[in-house]
Amino acid sequence: MKDLLIEKGPNREVDTNTIFPKDSLGRHFSFDFFIRKLRNGDSFDRKWLVYSKELDKVFCFCCKLFKTVRTKSSLATEGIKDWNHLSETLKQHENSCDHMDNLRTWNETRIRLNKNETIDKEIQERIKKDTEHWKEVMVRIISVVKCLAKNNLAFRGTNEKIYENSNDDTSALGLFNVLQDALKSLDLDINYVRGQGYDNGANMKVIWYDILYKINLVSKKLQSKEMLLDVDVKNLERLINYFEGYRENRFDFAISEAKEIANSVKVKPEFPKKRNKKRKKHFDEIPNTEREHQSSQEAFKRDYFFILVDMALVQLKISLVDDELKKCCLNLESNLKNGEDYDIDGDGLFIELKLLQKMLPDEAYKSRSPWTSIQIIEYARRMDMFPNVLVAYKILLTVSVTVVSAEEVFQN
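All figures in this text were calculated on a predicted structure; none of them were measured in a lab.

Definitions and cut-offs
Residues numbered from 1 in each chain as written. Predicted model: local features only at pLDDT ≥ 70, side-chain atom pairs only at ≥ 80, totals over all residues. Heavy atoms only, no water. Helix = DSSP H or I, 4+ residues; strand = E, 2+ residues; numbered from the N terminus. Buried < 20%, exposed > 50% of the residue type's maximum accessible area, 1.4 Å probe, protein only. Contact = heavy atoms within 4.5 Å. Areas by Shrake-Rupley, 256 points an atom, 1.4 Å probe, with all protein chains shown as cover. Axes fitted to C-alpha atoms, helices over the stretch in contact; angles between N-to-C directions. Parallel < 35°, antiparallel > 145°, perpendicular 65-115°, else oblique. Nonpolar A, V, L, I, M, F, W, Y, C, P; charged D, E, K, R; others polar. Phe/Tyr/Trp six-rings, centres within 6.5 Å; stacked < 30°, edge-to-face > 60°. Salt bridge = Lys/Arg side-chain N within 4 Å of Asp/Glu carboxyl O. Polar contact = N/O pair within 3.5 Å; in protein donor to acceptor, adjacent residues only side chain to side chain.

Student: Would you explain the overall build of the chain in this entry?
Tutor: Looking only at helices and strands, the chain features 15 helices and four strands. Relative to its 412 residues, the chain shows a buried fraction of 29%. Pairs at least 24 apart in sequence give 61% of the contacts found in the chain among residues at least 6 apart. As displayed, the chain has an accessible area near 28,800 Å², and 52% of this comes from carbon and sulfur atoms.

What follows is the structure in structure tokens.
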């Protein structure tokens, strides 16, 4: 059924004689909501917008089909009939990341269905995504269990008999068993979760504090109403430089701070000695003697410290690239502005370019002959979801270019 809906697309009846029911304020749905007005005055059809006669509500076709547990928009769930504020709601929705991702999924799936390319490969990718999703669910379940245990709160069960199904066994033993089983499924050692071991608890606390403290300082500046984009970029660059220096030079400082924390809670500040498991080695196996003889502190530096800092660096560099792209889009909007007339919506262009970069096939930029602007325009037009990109390319391809020699000939 879902595949059929994707192939057929939304069913829209366009009858100008239709009389829509009015709400208590005398307002009603209008066909004008199906049209998106761009900054330059062009019109773009919202093919994803669906109106239900029975419910007298509007829905987002692609978000309704591909919504996830994190989807919050009413257009993807119960629908909307607030006609007074619908124009602004639609504008916010069509520029949201969730909507753009669902629109992308709808278009790509529709194309694959038309080409009969939706067998094994897509199923395996979906299985991987589901696996990652349920891993995240498990982590959150553990957090909930710990929170309930800490605050002495009960689960809401329907059976009062202990050790039976639907029983809210919140005794110390019940909570411990639930937590222990969950940790085993994730291949985690419960000794690291008690908060009484020096080897990971205190060290992780110091490292996370240093990372989050610096990020929080910059985050508050970025959220300021007076923040300028060029200042935003410089702050991110300084933060990246800080973490690159932290990675190379601050490990010993973190260990020193962790020892102070351990001493304050009367925990011996020593890494436990690793027990080397004896196993039979294959005759052609190359021994990794350097790794086997590393101390616990060196192993912690390799397996935790570097990984945490590198994760922070990767995310910050992605943010920096995004900020540079957004800055360029806003500069283009500003340069093409004439009084109150705009040719480009900088924010909309930024969102569409990020998604277009993900959707373009490898042959568009990795082959020996990358796609031309015309080929990218044709692709964007087929996808029918990049109005601001199309406007930007049209302007690019119609910019007047003069040559000095040609001007001299003309003057003569």
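After that view, the rundown keeps rolling.
Student: How should the environment of Asp323 be read in this particular structure?
Tutor: Within the element layout of this structure, Asp323 appears in helix α11 (residues 296-335). Along the primary structure Asp323 and Leu236 are separated by 87 residues, whereas in three dimensions their C-alpha atoms are 9.1 Å apart.

Student: Which parts of the structure should I look at to understand the packing of helix α12 (residues 346-359) against helix α14 (residues 387-397)?
Tutor: A pair of packed helices is characterised by two quantities: the angle between their axes and the separation of those axes. Relative to each other, α12 and α14 sit at 100°, their axes nearing to 8 Å. Relative to α14, α12 is oriented roughly perpendicular. Where α12 abuts α14, its residues Gly348, Leu349, Glu352, Leu353 and Leu356 lie against Pro387, Asn388, Val389 and Ala392. Per-class residue counts for the contact of α12 with α14 are six nonpolar, two polar and one charged.

Student: How do you make sense of the packing of aromatic side chains when you look at a structure like this?
Tutor: Aromatic ring pairs are described here by two measures, namely the spacing of the ring centres and the angle between the planes. All chains considered together, the criterion is met by twelve aromatic pairs. Ring pairs connect the aromatic residues Phe20, Phe29, Phe31, Phe33, Phe34, Tyr51 and Trp83, which therefore count as one cluster.

Student: Would you take a moment to explain the pattern of salt bridges for this structure?
Tutor: Close approach of charged atoms allows side chains of opposite charge to pair. Going through the model one piece at a time under the given rule, you end up with seven salt bridges. Close ionic contact of Asp345 with Arg39 constitutes a salt bridge, the shortest N to O distance being 3.9 Å. With a gap of 306 residues between them, Asp345 in the loop between α11 and α12 and Arg39 in the loop between β1 (35-37) and β2 (43-45) connect regions that are remote in the sequence. Overall, the relative accessible area of 35% leaves Arg39 in the partly exposed class. The salt bridge partner of Asp56 is Lys81, with a shortest N-O separation of 3.7 Å.

Student: How should I be thinking about the side chain of His93 in this particular structure?
Tutor: Here His93 is to be found in helix α3 (residues 86-94). Look at His93 and you get buried, because its relative accessible area is 7%. Polar contacts involving the side chain of His93 include one to the side chain of Ser73, which spans 3.2 Å. Setting aside residues no more than four positions away along its own chain, His93 makes contact with Trp48, Cys60, Cys63, Ser73, Leu75 and His99.

Student: Which parts of the structure should I look at to understand the side chain of Glu94?
Tutor: Mapped onto the secondary structure, Glu94 falls in helix α3. Within polar-contact distance, the side chain of Glu94 engages the side chain of Arg36 at 3.3 Å. Among the polar contacts made by the side chain of Glu94, one reaches the side chain of Arg46 at a distance of 2.9 Å. Contact partners of Glu94, with chain neighbours within four places excluded, come to Arg36, Arg46, Trp48, His99 and Met100.

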